[in-house]
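Here are the chains, one letter per residue:
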Amino acid sequence: MTVGLVLSGGGAKGSFQVGALQRLYEENLFAPVISGCSVGAINGAKLAEGGQPGSQKAAFGELKSIWDGLRTDEDMFLKTPWLKELEEILENRVFSELEEELRRVEKISEQFASSDLGAIASKMPDAFEAPMRWYSFANRLLPLVPKIQGLVPDILNAHSIYTLEPMVKRLRGQDPTAPFNTAKVASSGVKLRLAVVALESGDLRWVTEAGNVTGTDGVTPHEEIPPGIPTQCQGLNNTLIQKKKEREADYQEWLKELAKDGALDSHTITQKAQVAVAKQDQEIVKLRQQLTECVAKHTAAAPLKVPLSEGILASSSIPAVFQAVLLGREHYVDGGTREIVPVQGAARAGADHVIAISASPLTASWQPWAYPATYRIPEIAKRGLDLALTEVAVTDLVPEPAVLVAPRFEVHDMMRIERGLVRINMDYGYMCAADAIGLRRRFDPSRDPLTGTPAPSTLGPPQPLPFPRRPSPPIDVHPDRAPSRLWPMSADVITKLRMVAWKLEEILHIVDTAFTVFRPLIHGYIRTTKGIIHHLVEARAAAGAPGPNASETDPWWGGWELHTGFELPLWPSAARGGYIGPGSGDPVRFVRDESSKAVYKLVGLFRHRLSTSQALSNAGAAAANAPELPANILAELPEGTPLTR
């Protein structure tokens, strides 16, 4: 069978794919067919440098080094000049003060509407002072108005918000620390399919390892008229060039003439100048159409071939976020616009055993709906986009992959590079891949999940669980089926707690530099969180979950997470000697529900409620001293038998 590796889009969330790939290559994966889009195109192109199992594994090592070296957003993409300037303007303190003033006005209006005379009377002095504050705002805002107006043309004419300049340097061999060797890809023998979408036609196309562009079917070469003007069309082309020069000269003259009127601002001047040359613009459009028809008539179409580096950039160019890439005569953007998980690309390249890795969840997460109090236009638009993209991703899974690895929640968003969260997302991907492969082996031991070839079963009869079963409802409590719930659940809870620990450590850094009085409190929260992680890591291992090993998991609870811009000091020891890790000592086994204040004892991956004071006493856990666990994390642990004595 031919193995095909499919890597989805997802921007910075591609770190999840790197963690999943680490586990797969530890299992000796070799993929002679690789299909990807967006960040999956970048990851896949690097892997395709290896045409043999050993060389592909080495290529993955280089890919992981690239991701390990990312520190901030600027390591992957840069802001456009107009966005930088706009942010500098909006960072002015006057805007935050103006926002506070608007909230104050809104509150006063609500009190007037409610006829609360006492509240209205208390706010009267504030209302009388408001005109003076607004006068002050006006004086401070007026100097910023010309700057904002000057940016309007740049914003209206912009093609993107960010640039992929750091990635361009890597793909074009200009960054020696993280090189991409596209020549290796072409000669490796690996079939590479990168999804791209043409903006003009809207068609989904594929860029191959050799840079050939195929149609939607992944087989038929995409043909188009090559660049250049045939002799028969040179006269028309010269006329078009002359018209453009005349139009630009007239436009500049109009700008100078209108600028003499001191009453007009720059935006109005630009608009009036564009109206003045509108007729010339129409003539240029007609000439372009005539030239296009002339070229098509006198030039034969040929298969389109592009540099592979440009194909990778095109597949990575999220519409409006990054600039579209010109390939031939059309502009191309992220293939995820049409194919988020490009399974079809691998299948049409000959893969009949597909392993797909999605960087984003494939199910829409439940979110509370408190419209209109909570959701505004941005939130509603984002939610709608998330639902649409999820639907596109799910419909892409045809034919159904033999192995599908996907997160169940997001560790960070697609536009955020933070080294600590990147590492956590990698480790989450590792666990999800380990669970997917392990569960496939457990439930279908007749075939190797990585190759699809027959494999003898080495599991033997089902083994009893090393911890109590969930009594009711009876969902997946059979020892042979329990891992289908317990392994993924442990990966989710461990990852969420690591995110909590990372955030607490960020707060600790602020506390250590500004509010040292809170240091012991934050230390306590971190120690508790790390201790719970320690316990859950041990419980995951006891449940038979495959990987990671202790050398990789010990830093999760016994050390600090990674951070950008600072390193935390050694954990302070109460004994004033030696190093004590954040989660060292006995794992935390007693937790308290924040909402009900009920105390639970953690045994394995279950929570057993200590339902009586006698049970608390027997367990040695006083309710007042029981550390708290976030309610959403505690709720994900299945309930065990209540402990009554």
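This text goes with the structure placed above it.
Scope of this entry: the structure provided in the associated data block. (Residues numbered from 1 in each chain as written. Predicted model: local features only at pLDDT ≥ 70, side-chain atom pairs only at ≥ 80, totals over all residues. Heavy atoms only, no water.)

### Here we look at a nonpolar patch on the surface
Here comes step 1: Together, Val517, Phe518, Leu521 and Tyr525 give the surface a local cluster of nonpolar side chains, amounting to about 430 Å² of exposed area.
Here comes step 2: Note that Phe518 resides in the loop between helix H17 (483-514) and helix H18 (519-542). (Patch = residues over 30% accessible without salt bridge, like charges linked within 9 Å, V, L, I, M, F, W, Y side chains within 5 Å. Areas by Shrake-Rupley, 256 points an atom, 1.4 Å probe, with all protein chains shown as cover. Salt bridge = Lys/Arg side-chain N within 4 Å of Asp/Glu carboxyl O. Helix = DSSP H or I, 4+ residues; strand = E, 2+ residues; numbered from the N terminus.)

### A look at the side chain of His563
Here comes step 1: Among the structural elements, His563 can be located in the loop between helix H19 (550-558) and strand S14 (590-593).
Here comes step 2: At 2.7 Å, the side chain of His563 forms a polar contact with the side chain of Glu505.
Here comes step 3: Polar side-chain contacts of His563 include one of 2.6 Å to the side chain of Glu506. (Polar contact = N/O pair within 3.5 Å; in protein donor to acceptor, adjacent residues only side chain to side chain.)

### What about the state of the cysteines?
Here comes step 1: By the definition in use, this model includes 1 disulfide.
Here comes step 2: Disulfide partner of Cys233: Cys294, at an S-S distance of 2.0 Å. An S-S torsion of about -95° defines the bridge between Cys233 and Cys294 as left-handed. A residue pair is termed long-range when its members are at least 10 positions apart, and Cys233 in the loop between strand S8 (223-224) and helix H10 (234-259) and Cys294 in helix H12 (residues 278-298) qualify at 61 residues. (Disulfide = S-S within 2.5 Å.)

### Observations concerning the packing of helix H1 (residues 14-26) against helix H16 (residues 419-443)
Here comes step 1: In contact at an axis separation of 6 Å, H1 and H16 are set at 45° when each is read in the N-to-C sense. Our classification of the angle between H1 and H16 gives oblique. Handedness of the H1/H16 crossing: right-handed. Seen from H1, the contacting residues are Ser15, Phe16, Val18, Gly19, Ala20, Gln22, Arg23, Leu24 and Glu26; seen from H16, they are Val422, Asn425, Met426, Tyr428, Gly429, Tyr430, Cys432, Ala433, Ala434 and Ile437.
Here comes step 2: Along the lines of polarity and charge, the residues of the contact of H1 with H16 split into 12 nonpolar, 5 polar and 2 charged. (Axes fitted to C-alpha atoms, helices over the stretch in contact; angles between N-to-C directions. Parallel < 35°, antiparallel > 145°, perpendicular 65-115°, else oblique. Left-handed = near helix turned anticlockwise from the far one by under 90°. Contact = heavy atoms within 4.5 Å. Nonpolar A, V, L, I, M, F, W, Y, C, P; charged D, E, K, R; others polar.)

### Focus on the pattern of salt bridges
Here comes step 1: Tallied over the full model, the rule gives 24 salt bridges.
Here comes step 2: Of the charged contacts in the structure, one is a salt bridge between Lys13 and Glu410, with a shortest N-O distance of 2.7 Å. Of this pair, Lys13 sits in the loop between strand S1 (3-7) and H1 while Glu410 sits in the loop between strand S13 (403-405) and H16, placing them 397 residues apart in sequence.
Here comes step 3: The shortest N-O distance in the salt bridge between Arg498 and Glu561 comes to 2.9 Å. With Arg498 in helix H17 and Glu561 in the loop between H19 and S14, this pair connects stretches of sequence that are 63 residues apart.

### Section: the packing of aromatic side chains
Here comes step 1: The full count for this structure, using the stated rule, is 6 aromatic pairs.
Here comes step 2: The interplanar angle of 70° and the centroid separation of 5.7 Å between the aromatic rings of Phe16 and Tyr428 together place this pair among those described as edge-to-face. With Phe16 in helix H1 and Tyr428 in helix H16, the pair connects residues that are 412 residues apart, well separated along the chain.
Here comes step 3: Seen in terms of ring centroids, Tyr25 and Phe60 are 5.4 Å apart; in terms of plane orientation they differ by 20°. Their pairing is stacked. Here Phe60 lies in helix H3 (residues 53-68) and Tyr25 lies in helix H1, a separation of 35 residues in the sequence.
Here comes step 4: On the accessibility criterion, Tyr25 (1% relative accessible area) is buried.
Here comes step 5: Taken together through their ring pairs, the aromatic side chains of Phe16, Phe409 and Tyr428 make up a single cluster.
Here comes step 6: A cation sits over an aromatic face here: Lys46 above Phe180, 5.5 Å from the ring centre. (Phe/Tyr/Trp six-rings, centres within 6.5 Å; stacked < 30°, edge-to-face > 60°. Buried < 20%, exposed > 50% of the residue type's maximum accessible area, 1.4 Å probe, protein only. Lys NZ or Arg CZ within 6 Å of the ring centre and 35° of its normal.)

### Considering H10
Here comes step 1: With 26 residues, H10 should cover 38 Å at 1.5 Å per step; its first-to-last C-alpha distance of 38 Å lies within 8% of that length.
Here comes step 2: Those residues of H10 that fall on the buried side of the exposure criterion are Asn237, Leu240, Arg247, Tyr251 and Leu258.
Here comes step 3: Elements that come into contact with the buried residues of H10 comprise helix H11 (266-276) and H12. (Expected span 1.5 Å × (residues − 1).)

### Regarding the nonpolar core
Here comes step 1: Counting 89 residues, the largest nonpolar core has Leu5, Leu21, Leu47, Trp67, Ile357 and Val405 as its most contacted members.
Here comes step 2: If you tally residues by element for this core, the top one is H16, at 10 residues.
Here comes step 3: With residues near it in sequence (within four places) discarded, Leu5 still touches Leu21, Tyr25, Ala31, Val33, Ile34, Ser35, Leu47, Ile355 and Ile357.
Here comes step 4: In terms of nonpolar packing, the next biggest core, distinct from the first, is built from 14 residues, Val341, Val343, Leu362 and Leu397 among them. (Core = buried A, V, L, I, M, F, W, Y, C linked by side-chain atoms within 4.5 Å.)

### So, H18
For an α-helix, the turn length of 3.6 residues means that residues three or four places apart are oriented alike.
Here comes step 1: Over its 24 residues, H18 extends 35 Å from the first C-alpha to the last, a length consistent with the 34 Å expected when each residue adds 1.5 Å.
Here comes step 2: Just downstream of H18, Gly544 is the residue with a positive phi angle, here 85°.

### Some words on the environment of His267
Here comes step 1: Mapped onto the secondary structure, His267 falls in helix H11.
Here comes step 2: Each C-alpha atom of the pair His267 and Leu151 lies 9.6 Å from the other, and the pair is 116 residues apart in sequence.
Here comes step 3: Beyond its immediate stretch of four places on either side in the chain, His267 contacts Val152 and Leu156.

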